[in-house]
Amino acid sequence: MLSRSSFNLLNLDDYSCVTDRPRIPRVMTVAGILSEFEEDNISGKSENDVVSSAPERRIIVANQLPVKGYRDVERNKWVFEYDPDALVLQLKSGFGSDVECVYVGSLHVDVDPSEQEEVGQTLLDKFRCVPTFLSSEIQNRFYHGFCKHYLWPLFHYMLPVTRTHGVRFDRVAWQAYVSANKIFADKVMEVINPDEDYVWIHDYHLMVMPTFLRKRFHRVRVGFFLHSPFPSSEIYRTLPVRDEILRALLNCDLIGFHTFDNARHFLSSCSRMLGLDYKSKRGYIGLEYYGRTVSIKILPVGIHMGQIESVKSSDRTAKKVVELKEIYGGKVVILGVDDMDMFKGISLKFLAMGQLLEDYPGLRGSVVLVQIVNPARSRGHDIQEVEDETRKVASEVNQRFGKNGYEPIVFVNGPVSTEEKIAYYAISECVVVNAVRDGMNLVPYMYTVSRQGSPELDNALGISEQEGRKSVIIVSEFIGCSPSLSGAIRVNPWNIDSVTEAMSLAIMMPDNEKRLRHEKHYKYISSHDVGHWAKSFDQDLERACKDHFHKRCWGVGFGLGFRVVALGLNFRKLSVEHIVSSYNKTTSRLILLDYDGTVMPQASVDKTPSKEVISILNVLSNDPKNVVFIVSGRGKDSLSKWFDSCKNLGLSAEHGWLTRWSGDSDWECCGGLAVDAEWKKVALPVMEHYTEATDGSFIEQKESALVWHHQEADPDFGMWQAKELLEHLESVLANEPVVVKRGQHIVEVNPQGVSKGVVVESLIASMQSKGKPLDFVLCIGDDRSDEDMFEKISSSVVNRGIAEVFACTVGLKPSMAKYYLDDTVDVIKMLHGLESASTQVPKTVGSGVSFETSF
């Protein structure tokens, strides 16, 4: 069992202990003196303010460090070397020579606690690696428990329906996962300079780590790349900690995926579970998340061309090719290279091989399927079951079709060196990647580059340069590299007949067609290598982080629900004392209030205003120094009924289409426009058609507008239908004097020139034309339609010289307003403050009585 003390790792607030931890200083301001930049010093900060003598730095975080280690028994010391096959090491080729990479991760070997400090220092000094040294208890539950036996199957579309088919969610294993992620984050904090460094986190092992980093450094630059599939929202939603993982990933600045399908599933999960919609602009996809834009990157990883070319040219590879040519001379070699796990479809591949020999007797004795099996990355009965089944199918095929000197299916048990794999690639006419679900899978890429040949390989094979430049790839539809291999034969691995026919096609394909397919693949693979991938991701990460110091950040939420709200530098909470002080100094005031979500809570079922609200509005509107308006999207009938007792209160209905200055005055149309409902005869049937086709949607008919609501519909289907409806309405109403626009779960058709912003402009102009120049404006709202008011008010400060202007949004969120209040409770408190100011110290003004506050 994990000790109870380890559960404290779940407390994300437990970072006070590292606040004073010294970080590696990176900037020299005076000769011989090193200094650090303060995390929260944002005044006047820009990218050009800092000139660092140190190289740029990327902190690369992955489950495993890119080093191999072993214990030298004779010297009684640990010996380490770089692992050239490690992706996180290869990606450095995409960075410039002036970029330093620091690696954070675990070792493949267990190091005794007494030696960890020495080993850690050696790895940092010689390899720029920072080991995490997880305890065996956390490692087992984190990696073998939660990652490999729960997340890995789930992300590959396998649900643990029964105990015999997968491992069900285990809260202790989840806590170990969070604990491990925090340890990784702590190690990053030991070496990071948050003002300059970029952090790049890799794969599903570390999906909650971004929250720990964002909690400690609000402006940390973090990218994440998922190398495994991301399941559809229907699968992902079964995860008990689904929200925690999504919110943790959204604490990144950039999230990368190999394919659009994976990105689409992630975006769909964010929409369905968190209510977030994405936007695409100029080729970039982004999610707006509490004032931050989380960018989405879609780019498949590539291979390290330099490494493959180097291995192709080695004598060891050429020697292995000669050896294999002697073994398989005169036979057509079909190659498979897979890990031993349940998703690689090895047994399905073997069944297809058996079917091939059954359907095409002439191929018996001349076609061999060589299967290289890499060791399983985890352990358990499920791996053993897959291995037993695979060997059973291979044995059955070999017994049925084998003979002396001929074995149709040949097992090559790993680990197999890169030199040996390239030798196998070089002699194979076809490679089959038959996974039922996989991430990227770079086997087809390595095969293609190996088949491109080299002088050494050509000599070993005894062929000319032209003869060797051909290849055929059979690839599953369900793996990440499939979309980028347009010349491959794509198959459904579950369809044995389809895979069999693909094998037959590959064997009998004319050489010229093989060359054309090979050339097409090689051109793409050689230009989209791992360096291209890393450089592209790094550039997008820099772009995603460029505005970090142009915003003020607040941390909100607890535990894994923590997030940062990023707002303008001048955005702040409206102080009651401040606004009351300004209120008392002014004599010509305009107060504009939205209704729903501002003075009336959105969650309230009964939307009738309370007696408290009516009383406040009466006091404020009866003050002769004030003009008070409710500016709402609701219809005039509702507003007239609710505020009948407020005789001096102005009302603006339907987002400004209809306006009434007081209870005794008539309703006026915006700008004197006449009500023309002819366009409704065109728009309403279209909306009705979409309503009938979209379960949960409905139409709201206003005097001036039609609104199609889809908040109760399926999120994805509702969004698609809204997009279609928008385009449909824009087409049929192109010649009508209306505007069609999308809002939060709505599609709305309004007359042209109608908005809350127009109302504000009209009211200000009207008051000033009557000889009442304003010296105080208060405007409060909570949604997108109110942003029009804030924009107009901001321009009025400049154009009309209004002294005191308070544009205030409800809720801590990005807005054009300069101020915010937390909720409707805060709004009422603030209005009470103004009410009190209007009812203190009576002072006669003309024939009426007004009030002012004395201090």
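Up top is the structure these notes are about.
This is a predicted model, so every value here is computed, not measured. (Residues numbered from 1 in each chain as written. Predicted model: local features only at pLDDT ≥ 70, side-chain atom pairs only at ≥ 80, totals over all residues. Heavy atoms only, no water.)

Take the overall build of the protein chain next. The number of helices and strands found in the protein chain is 27 helices and 36 strands. Counting only residues that meet the buried cut, the protein chain has 55% of its 855 residues in that class. For the protein chain, the computed accessible surface area is about 37,400 Å², with 50% contributed by carbon and sulfur atoms. (Helix = DSSP H or I, 4+ residues; strand = E, 2+ residues; numbered from the N terminus. Buried < 20%, exposed > 50% of the residue type's maximum accessible area, 1.4 Å probe, protein only. Areas by Shrake-Rupley, 256 points an atom, 1.4 Å probe, with all protein chains shown as cover.)

Glancing now at the side chain of Thr691. Along the chain, Thr691 falls in helix 23 (residues 678–693). A distance of 2.8 Å separates the side chain of Thr691 from the backbone oxygen of Met687, its partner in a polar contact. Leaving out residues up to four positions away in the same chain, Thr691 has contacts with Ser697, Phe698, Ile699 and Trp708. (Polar contact = N/O pair within 3.5 Å; in protein donor to acceptor, adjacent residues only side chain to side chain. Contact = heavy atoms within 4.5 Å.)

Following both chains from N to C, one finds helix 9 (residues 305–312) and helix 13 (residues 418–427) inclined at 80°, their axes separated by 10 Å at the closest point. One finds that helix 9 runs roughly perpendicular with respect to helix 13. Side by side, helix 9 and helix 13 meet where Ile308, Val311 and Lys312 of the first sit next to Thr418, Glu419 and Ile422 of the second. Considering only residue class, the contact of helix 9 with helix 13 consists of three nonpolar, one polar and two charged. (Axes fitted to C-alpha atoms, helices over the stretch in contact; angles between N-to-C directions. Parallel < 35°, antiparallel > 145°, perpendicular 65-115°, else oblique. Nonpolar A, V, L, I, M, F, W, Y, C, P; charged D, E, K, R; others polar.)

To continue, consider the packing of aromatic side chains. For any pair of aromatic rings, the description consists of the separation of the ring centres together with the inter-plane angle of the planes. Evaluated as defined, the whole model comprises 33 aromatic pairs. Ring centres 5.9 Å apart and planes at 45° place the aromatic pair Phe142 and Tyr177 in the tilted group. Remark: Tyr177 occurs in helix 4 (residues 171–191) and Phe142 occurs in helix 3 (residues 136–155); sequence separation between them is 35 residues. Neither residue differs from the other here; Phe142 and Tyr177 are each classed as buried. Taking 5.6 Å as the distance between ring centres and 35° as the angle between the ring planes, the aromatic pair formed by Phe806 and Tyr819 counts as tilted. With Phe806 in strand 33 (residues 804–810) and Tyr819 in strand 34 (residues 819–821), the pair connects residues that are 13 residues apart, well separated along the chain. Taken individually, Phe806 and Tyr819 each receive the classification buried, so the pair is uniform in this respect. Ring pairing ties together the aromatic residues Phe142, Phe146, Tyr150, Phe169, Trp174, Tyr177 and Phe184, which thus form one cluster. Positioned above the aromatic ring of Tyr198, the side-chain terminus of Arg221 is 5.0 Å from the ring centre. (Phe/Tyr/Trp six-rings, centres within 6.5 Å; stacked < 30°, edge-to-face > 60°. Lys NZ or Arg CZ within 6 Å of the ring centre and 35° of its normal.)

Pairing in this open sheet of six strands is parallel, and the strands run 16-15-14-17-18-19 from one edge to the other. Looking at which strands have only one partner, the edges of the open sheet turn out to be strand 16 (409–413) and strand 19 (489–491). Across this sheet, the average inter-strand angle for adjacent strands is 20°, counted without regard to direction. Examined bridge by bridge, strand 17 (residues 430–433) and strand 18 (residues 472–476) share four bridges and lie parallel to one another. Within strand 18, the residue paired with Val433 across the bridge is Val475. (Pairing = 2+ DSSP bridges.)

Here the residue pair Gly414 and Pro415 is connected by a cis peptide bond, since its omega of 5° sits within 30 degrees of zero. Relative to the elements of secondary structure, Pro415 occurs in the loop between strand 16 and helix 13. For Asp203, which is not a glycine, the phi torsion comes out positive at approximately 75°. Take Asp203: it is sitting in the loop between strand 8 (198–202) and helix 5 (209–216).

Bringing the nonpolar core into the picture now. The biggest cluster of nonpolar side chains holds 174 residues, and the ones touching the most others in it are Val61, Val199, Leu213 and Phe266. The element contributing the most residues to this core is helix 4, with eleven residues. Every residue in contact with Leu213, bar those within four places of it in the chain, is listed here: Ala185, Val188, Met189, Val199, Ile201, Val220 and Val222. Ranked by size, the runner-up nonpolar core spans 41 residues in total, among them Ile591, Tyr595, Val599 and Trp642. (Core = buried A, V, L, I, M, F, W, Y, C linked by side-chain atoms within 4.5 Å.)

Below, the discussion takes up the sheet that holds strand 29 (residues 706–709). Across the sheet, which stays open at both edges, the four strands sit in the order 28-29-31-30 with antiparallel pairing between neighbours. Two strands bound the open sheet, and with one partner strand each, they are strand 28 (698–701) and strand 30 (738–743). If you compare each strand with its neighbour and ignore which way they point, the axes differ by 15° on average. In the packing of helix 23 onto the sheet, contacts are made with strand 28, strand 29, strand 30 and strand 31 (746–751), and the angle to strand 29 comes to roughly 10°. Across the sheet, helix 24 (residues 715–732) touches strand 29, strand 30 and strand 31, and the angle it forms with strand 30 is around 170°.

Along an α-helix, residues three or four positions apart point the same way, because every turn accommodates 3.6 residues. The buried count for helix 14 (residues 443–451) comes to nine of nine residues, which makes it a mostly enclosed element. For helix 14, the full list of buried residues reads Val443, Pro444, Tyr445, Met446, Tyr447, Thr448, Val449, Ser450 and Arg451. Directly beyond the C-terminal end of helix 14, a positive phi value near 75° is found at Gly453.

Once that is clear, we can look at the environment of Asp497. Mapped onto the secondary structure, Asp497 falls in helix 17 (residues 496–508). When the C-alpha positions of Asp497 and Leu351 are compared, they lie 9.5 Å apart, and in sequence the two are 146 residues distant.

Moving on: the pairing of strand 30. Of the strand pairs in this sheet, strand 30 and strand 31 are connected by six bridges, and their pairing is antiparallel. Residue pairing for strand 31: Arg742 is matched across the bridge by Val747. Hairpin geometry of strand 30 and strand 31 is characterised by an intervening segment of two residues between the two adjacent antiparallel strands and by a positive phi of about 65° at His745.

Right, let's talk about the pattern of salt bridges for a bit. Applying the stated rule across the entire model yields 43 salt bridges. The residue Lys320 makes a salt bridge to Glu323 at a minimum N-O spacing of 3.2 Å. Note that Lys320 and Glu323 are positioned in helix 10 (residues 315–328) at a spacing of three residues, about one turn of the helix. Lys320 gets classed as buried once you look at its relative accessible area, which sits at 15%. Here Glu429 and Lys514 are joined by a salt bridge, their closest N and O atoms 3.0 Å apart. Of this pair, Glu429 sits in the loop between helix 13 and strand 17 while Lys514 sits in helix 18 (residues 511–527); the two residues are 85 residues apart in sequence, bridging distant segments of the chain. For Lys514, a relative accessible area of 4% translates into the label buried. Look at the salt bridges and you will find they share partners, linking Glu56, Arg58, Asp538 and Glu542 into a network. (Salt bridge = Lys/Arg side-chain N within 4 Å of Asp/Glu carboxyl O.)

Looking at the secondary structure, you find Cys481 in the loop between strand 18 and strand 19. Judged by its relative accessible area of 0%, Cys481 is buried.

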